[in-house]
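Here's the letter readout for the chains.
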Amino acid sequence: MKKTVQIFSMLLIALTVMVSCKKDTDPADRDFFVGTYKGTVSYKNNETTINSSDGKVTVSKVGETYNFYFGSGIPDIKGVKFEQSGDNTYISVGTGVTGITINASTLKMLVVRGGETWTADCTR
């Protein structure tokens, strides 16, 4: 019985600490633009042109970089870094991946790299 009371007391203390802690995380500090965006996407290189008016782009985060996964046979863009530009809007930075603007509801992209061009005009 003594052991049961002790376990119950510890659970009660842990619950009190969790409930009383203030949640002060700024939404901008979260990965709020990770997810799937739908809209118009395209890809072009020397041999291939792909256009899709009902395309999708799935954004994921790995460490400090973001990956963009396209459907419709469009190659993925990986290892993109962002800087904040205004309230909760981010723009891509780095060699070969500039031209991406993203926030919680929209994704705009015009990336030209090594003879390849990706575009996206998507929303969630």
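Residues numbered from 1 in each chain as written. Predicted model: local features only at pLDDT ≥ 70, side-chain atom pairs only at ≥ 80, totals over all residues. Heavy atoms only, no water.

## Regarding a nonpolar patch on the surface
- A cluster of nonpolar side chains, contributed by Phe 8, Leu 12 and Leu 15, occupies part of the molecular surface with about 320 Å² of accessible area.
- Among the secondary structure elements, Leu 12 is positioned in helix H1 (residues 2-20). (Patch = residues over 30% accessible without salt bridge, like charges linked within 9 Å, V, L, I, M, F, W, Y side chains within 5 Å. Areas by Shrake-Rupley, 256 points an atom, 1.4 Å probe, with all protein chains shown as cover. Salt bridge = Lys/Arg side-chain N within 4 Å of Asp/Glu carboxyl O. Helix = DSSP H or I, 4+ residues; strand = E, 2+ residues; numbered from the N terminus.)

## Regarding the pattern of salt bridges
- Inspection of every chain in the model, using the stated rule, returns one salt bridge.
- Among the ionic pairs, Asp 121 bridges to Lys 108, the shortest N-O distance being 2.6 Å. Here Lys 108 lies in strand S7 (residues 106-113) and Asp 121 lies in strand S8 (residues 116-123), a separation of 13 residues in the sequence.
- Here Asp 121 falls in the partly exposed class, since its relative accessible area comes to 43%.
- On the basis of relative accessible area, Lys 108 is assigned to the partly exposed category, the value being 42%. (Buried < 20%, exposed > 50% of the residue type's maximum accessible area, 1.4 Å probe, protein only.)

## Examining the side chain of Ser 92
- Examined against the element boundaries, Ser 92 turns out to sit in strand S5 (residues 90-93).
- When its relative accessible area of 6% is taken as the criterion, Ser 92 is described as buried.
- Only 3.3 Å separates the side chain of Ser 92 from the backbone nitrogen of Gly 99, close enough to count as a polar contact. (Polar contact = N/O pair within 3.5 Å; in protein donor to acceptor, adjacent residues only side chain to side chain.)

## Quick notes on the sheet that holds strand S3 (residues 65-70)
- The strand order S1-S2-S3-S4-S5-S6-S7-S8 describes a closed barrel built from eight strands, whose pairing is antiparallel. Each neighbouring strand pair of the sheet contributes to a mean axis angle of 35°, computed without reference to strand direction.
- Relative to S3, strand S2 (residues 49-62) runs antiparallel, the two sharing six bridges. Across the sheet, the residue bridging to Val 57 is Phe 70, located in S3. (Pairing = 2+ DSSP bridges. Axes fitted to C-alpha atoms, helices over the stretch in contact; angles between N-to-C directions.)

## Considerations on the packing of aromatic side chains
- Counted by the stated rule, this structure contains six aromatic pairs.
- Taking the centre distance of 5.4 Å and the plane angle of 50° together, the rings of Phe 33 and Tyr 90 count as tilted. Remark: Tyr 90 occurs in strand S5 and Phe 33 occurs in the loop between H1 and strand S1 (35-44); sequence separation between them is 57 residues. Taken individually, Phe 33 and Tyr 90 each receive the classification buried, so the pair is uniform in this respect.
- Taken together, the ring pairs connect Phe 33, Tyr 66, Phe 68, Phe 82 and Tyr 90 into an aromatic cluster. (Phe/Tyr/Trp six-rings, centres within 6.5 Å; stacked < 30°, edge-to-face > 60°.)

## Brief notes about the nonpolar core
- Formed by 24 residues in total, the largest nonpolar core has its most connected members in Phe 68, Phe 70, Ile 77, Phe 82, Ile 102, Leu 107 and Met 109.
- Listing elements by their share of this core, those giving two or more residues are S1, S2, S3, strand S4 (77-84), strand S6 (100-102), S7 and S8.
- Ile 102 has contacts with Phe 33, Tyr 37, Val 59, Phe 68, Phe 82, Asn 88, Thr 89, Tyr 90 and Leu 107, leaving out every residue within four places of it along the chain. (Core = buried A, V, L, I, M, F, W, Y, C linked by side-chain atoms within 4.5 Å. Contact = heavy atoms within 4.5 Å.)

## So, the pairing of S5
- On S5, burial follows the alternation: Tyr 90 and Ser 92 on one face are buried, whereas Ile 91 and Val 93 on the facing-out side are not.
- Taken together, the four bridges between S4 and S5 define a ladder with antiparallel strand orientation. Its bridge partner lying in S5, Gln 84 is registered against Tyr 90.
- The antiparallel pairing of S4 with S5 creates a hairpin that spans five residues between the two strands, and Gly 86 there sits at a positive phi of about 85°.
- In this sheet, S6 lies alongside S5 in antiparallel orientation, the contact comprising two bridges. Paired with Tyr 90 across the two strands is Ile 102, which belongs to S6.
- Between S5 and S6, which pair antiparallel and follow one another directly, the connecting turn spans six residues, one of which, Gly 94, has a positive phi of 120°.

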